[in-house]
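# Working through the structure, step by step
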Amino acid sequence: MSRDLRILVGAVGLSALGDWLALVPLALFLQETTGSGVTIALLYLAFWAPSVVLAGPAGLLADRYDPRRVLLLASLAQATTAVVLAFVGGTALILVLAALLGIGFAVGQPAEFALVPRVAGEARIAVANARVETARYAGFAVGPLIGGLLAAAGGLEIAMILNAVTFLVVGGAAIVVRCPHSEYCLAPEPPAGRAWSGAKYLVQDRVLAVVMSVAFVSLLFMTTNWAANVFFAKEDLGLGDFGYGVLLTSWTLGMVLGATLLPRRIGSGMLAVAALVAIVVQGAGLAGPAIWLVPALAFTFFFIGGLAHGTKNVLIRTLMHERVPTSLHGRAFAAYNGLRNGAELVALVAGGVLVSTVGARWTMLLAGAIPVVAGLVALGVTRRRLAEPTVTEARA
């Protein structure tokens, strides 16, 4: 792995760690000071909603300007916001500042996506995406742990200061990383189209339209399991607190191995088919434990589901890099990220309603079974379309 790719991968992992290094202490602080579940929900909404609302403008920034500069400015803004969060009080102000962190996240993600092929080169894009996703999952795993420990040890101030440091390091990485596979980090031609041209391209491309539709449906239902997991593990499977933690860890471990080992073995012409197969397997990983209430099988299903989840994420990133023109990379990923986060926000609410009405077991079954059906229908109906060769200006 080249020096520049190592820097970019490290920045992605540190950025993911920093996100949760902020969210966990903020959630704990608001829980202690307000005791309101609605306030906690508003915190997560404030952080994730900008990725949905600002998808078009954020992607256009990454396409119109050097994505390194975009990532640098977003990181500096987030670092400044984190420092302010360390010394302020008041629920309303915290929620506003969390939204500012979310805006930085919304702007930085498309810039990182646009940088990957320019740093790694198209010949190694699958390997680069695998390492980027693995680093992100590592940040997701470690960030909440460190955030919780810092919140317990020193309150909000220490956690926010360290959070600011992670953003400064990411900004430093944006300064020193080079683009050896592009004369400039800018696209070779001025970006054509408007802010939502990326979303339009995802719909117009025959292959991407199928994959994105199934991915949206799967996320809309799969994410409902977040509300059901703890009840399903403790009440239906009888696992207890430790068993619940092990169950979630088995999924995360599968994601890391799936992102690291499998995508690089899948040829360019099979990316779309493999992504849909991964969605089917991921859904089966959620539905299976709800059919057979056997703890050992639940751990196995969750590991396999996580394996497919990690694989799917890398495959979709690589498919977008290969089929979307370079000048639209930022906007296309911002549109996909907004689609994904929007579906997950809706699913979080729906999951709470489903658990209250039909119970955790049925929620888990629906969360997995509907994506399985959607993926199988897409594979059966559009199999020939999915084998369509990649011909875009990005590959020309």
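To be clear, the structure that these remarks concern was listed above.
Report on the accompanying structure. Along every chain, residues carry numbers that run from 1 in the direction the sequence is written. Local features in a predicted model are, by the rule used here, given only for residues with pLDDT of at least 70; side-chain atom pairs are given and counted only at 80 or more, and totals for whole chains, interfaces and linings are based on all residues. Based on all heavy atoms of the structure, the side-chain values leave hydrogens and waters out of the count.

What follows is about the overall build of the protein chain. Strands here mean DSSP runs of E at least two residues long; helices mean DSSP runs of H or I at least four residues long; both are numbered from the N terminus. The secondary structure content of the protein chain amounts to 16 helices and zero strands. Residue burial in the protein chain is summarised as follows: out of 396 residues, 55% are buried. In this analysis, two residues are considered to be in contact whenever any of their non-hydrogen atoms come within 4.5 Å of each other. Considering only contacts in the protein chain between residues 6 or more positions apart, those separated by 24 or more positions represent 86%. Methods summary: accessible areas were calculated by the Shrake-Rupley approach with a probe of 1.4 Å, and residue burial reflects only the protein chains presented. When the accessible surface of the protein chain is split by element, carbon and sulfur atoms take 69% of a total near 16,400 Å². Under this rule, positive means Lys or Arg and negative means Asp or Glu; His and the chain ends count for nothing. A single reference atom marks each charge: NZ on Lys, CZ on Arg, CG on Asp, CD on Glu. Within the protein chain, one finds 26 positive and 19 negative side-chain charges whose respective centroids are separated by 7 Å. Relative accessibility thresholds used throughout: buried, under 20% of the residue-type maximum; exposed, over 50%; partly exposed, between the two (1.4 Å probe, protein chains only).

Moving on to the pattern of salt bridges. Side chains that differ in sign of charge can pair as their charged atoms come close. Salt bridges are identified by distance alone: a Lys or Arg side-chain nitrogen within 4 Å of an Asp or Glu carboxyl oxygen. Evaluated as defined, the whole model comprises nine salt bridges. Residue Arg-178 is joined to Asp-4 by a salt bridge in which the shortest nitrogen-to-oxygen separation is 3.1 Å. Placement of Arg-178 in the loop between helix 7 (156-176) and helix 8 (197-204) and of Asp-4 in helix 1 (residues 3-34) is noted, with a sequence separation of 174 residues between them. Arg-178 sits in the partly exposed class, given a relative accessible area of 49%. Here the residues in one salt-bridge network are Glu-112, Glu-133, Arg-136 and Arg-317, joined through shared partners.

Before going further, it helps to spend a moment on the packing of aromatic side chains. Any Phe, Tyr or Trp ring, taking Trp's six-membered ring, that has another such ring centre within 6.5 Å forms a pair; planes under 30 degrees apart are called stacked, those over 60 apart edge-to-face, and the others tilted. Evaluated as defined, the whole model comprises nine aromatic pairs. With 6.5 Å between their ring centres and 45° between their planes, Trp-20 and Tyr-44 make a pair best called tilted. Of this pair, Trp-20 sits in helix 1 while Tyr-44 sits in helix 2 (residues 37-53), placing them 24 residues apart in sequence. Measuring from ring centre to ring centre gives 5.4 Å for Trp-251 and Phe-302, while their planes differ by 75°; the resulting arrangement is edge-to-face. Here the residue Trp-251 occupies a position in helix 11 (residues 240-261), and Phe-302 occupies one in helix 13 (residues 295-323), the gap between them amounting to 51 residues. Just as Trp-251 is buried, Phe-302 falls in that class too. Every member of this aromatic cluster is reached through a ring pair, and the members are Trp-20, Tyr-44, Phe-47, Trp-48 and Phe-105.

No statement about biological role is implied by the geometric values presented.
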